[in-house]
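Coordinate analysis (summary)
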Amino acid sequence: MEQSPRPAVAADLYLVQLALDGLTEASAMSKNLGGAYGPEQSALFKIFIDEFGYGVFEAKHTTIFAKMLASRSMATHVHAYWNFYLTGPLATNNYYYYLSRDHAKFFRYAGAVTYAERACAIASG
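Everything in this summary refers to the structure shown in the same document. Computed from a predicted structure; not experimentally measured.

**Points about unusual backbone geometry**
Despite not being glycine, Y54 shows a phi value in the positive range, around 55 degrees. Looking at the element boundaries, Y54 is found in the loop between α2 (39-51) and α3 (61-71). With a relative accessible area of 57%, Y54 lands in the exposed category. For H79, which is not glycine, the phi dihedral falls at a positive 65 degrees. Here H79 lies in the loop between α3 and α4 (87-100). With relative accessibility at 35%, the residue H79 sits in the partly exposed group.

Take a look at the structure:
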């Protein structure tokens, strides 16, 4: 983004791509919390409660993401930018919901989330 002739516009476009997941965060994940999958599910639950700020609204990841959008004078309601989503974020979010509908795909879901979190960590430097 720093190499862009318009870094602010590039940053805003990047935020739009993150908004699909950032404003609906952990919705699909919640479908995988029921059942007894052992230590792996317990680890996922730790991630889930972290996503929800351990019960503190201001610490919830969606709240933090919405504040970041607002700091750029961008809309903060879910899907405000749906017509600007690129194929990758749409496919990733849809894949989460697809996997979450079938508890037999729990480990595929865990792998998909791990991959996405890692890919974002690499992209953000």
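**A word on the nonpolar core**
Nonpolar side chains in soluble globular proteins generally cluster together in the buried interior. Of all hydrophobic cores here, the largest spans 12 residues; its members are A28, M29, L33, L44, F48, Y96, L99, F106, Y109, A112, V113 and A116. Secondary-structure elements contributing two or more residues to this core are α2, α4 and α5 (106-123). It is α5 that provides the largest number of residues to this core, a total of 5 residues. Those residues in contact with Y96 that sit more than four places away from it in its chain are D21, A28, Y109, A112, V113 and A116. In this structure, L15, V16, L23 and A66 belong to the second largest nonpolar core, which totals 11 residues.

**Topic: the packing of helix α1 (residues 7-22) against α3**
Packing of α1 against α3 leaves a shortest axis separation of 10 Å and a crossing angle of 155 degrees. Of the possible angle classes, the one that applies to α1 and α3 is roughly antiparallel. The handedness of the crossing between α1 and α3 comes out as left-handed. Seen from α1, the contacting residues are L15, L18, A19 and G22; seen from α3, they are T62, F65, M68 and L69.

**Here we look at the packing of aromatic side chains**
Evaluated as defined, the whole model comprises 5 aromatic pairs. Look at Y95 and Y98: their rings are 6.2 Å apart centre to centre, the planes differ by 25 degrees, and that puts the pair in the stacked class. You can see Y95 and its partner Y98 sitting in helix α4, 3 residues apart, about one turn around the helix. Accessibility expressed as a relative area gives 38% for Y95, which makes it partly exposed. The partly exposed category is assigned to Y98, whose relative accessible area is 45%. Plain terms: the ring middles of F106 and F107 are 5.0 Å apart, the flat faces sit at 80 degrees to each other, and that makes the pair edge-to-face. Joined through ring pairs, the aromatic side chains of F45, F48 and F52 make up one cluster.

Reading the values: rules and limits
Numbers given for residues are sequential positions, taken from 1 along each chain in its written order. Predicted model: local features are reported for residues with pLDDT of at least 70 only, side-chain atom pairs are reported and counted for 80 or more only, and whole-chain, interface and lining totals are derived from all residues. The basis for every side-chain value is the complete set of heavy atoms in the structure, and neither hydrogens nor water enter the calculation. We count a stretch as a helix when DSSP gives it H or I for four or more residues in a row; a strand needs E for two or more, and each element gets its number in order from the N terminus. Exposure categories follow from relative accessible area, calculated using a 1.4 Å probe and restricted to protein chains: below 20% of the type maximum is buried, above 50% is exposed, and the middle band is partly exposed. Side-chain atoms within 4.5 Å link the members of a nonpolar core, which is a set of buried Ala, Val, Leu, Ile, Met, Phe, Trp, Tyr and Cys residues. The contact criterion used throughout is that any non-hydrogen atoms of two residues lie within 4.5 Å. Angles shown run from 0 to 180 degrees and are taken between the N-to-C directions of axes, each axis being a line fitted to C-alpha atoms and, for helices, limited to the stretch in contact. By the definition adopted for this analysis, an angle is roughly parallel if under 35 degrees, roughly antiparallel if over 145, roughly perpendicular if from 65 to 115, and oblique otherwise. Handedness of a helix crossing follows the sense of rotation of the near helix relative to the far helix, less than a right angle counterclockwise being left-handed and clockwise being right-handed. Pairing of aromatic rings covers Phe, Tyr and Trp, the last through its six-membered ring, and needs centres within 6.5 Å; plane angles under 30 degrees mean stacked, over 60 mean edge-to-face, and all others mean tilted.

None of this, on its own, says anything about what the molecule does.
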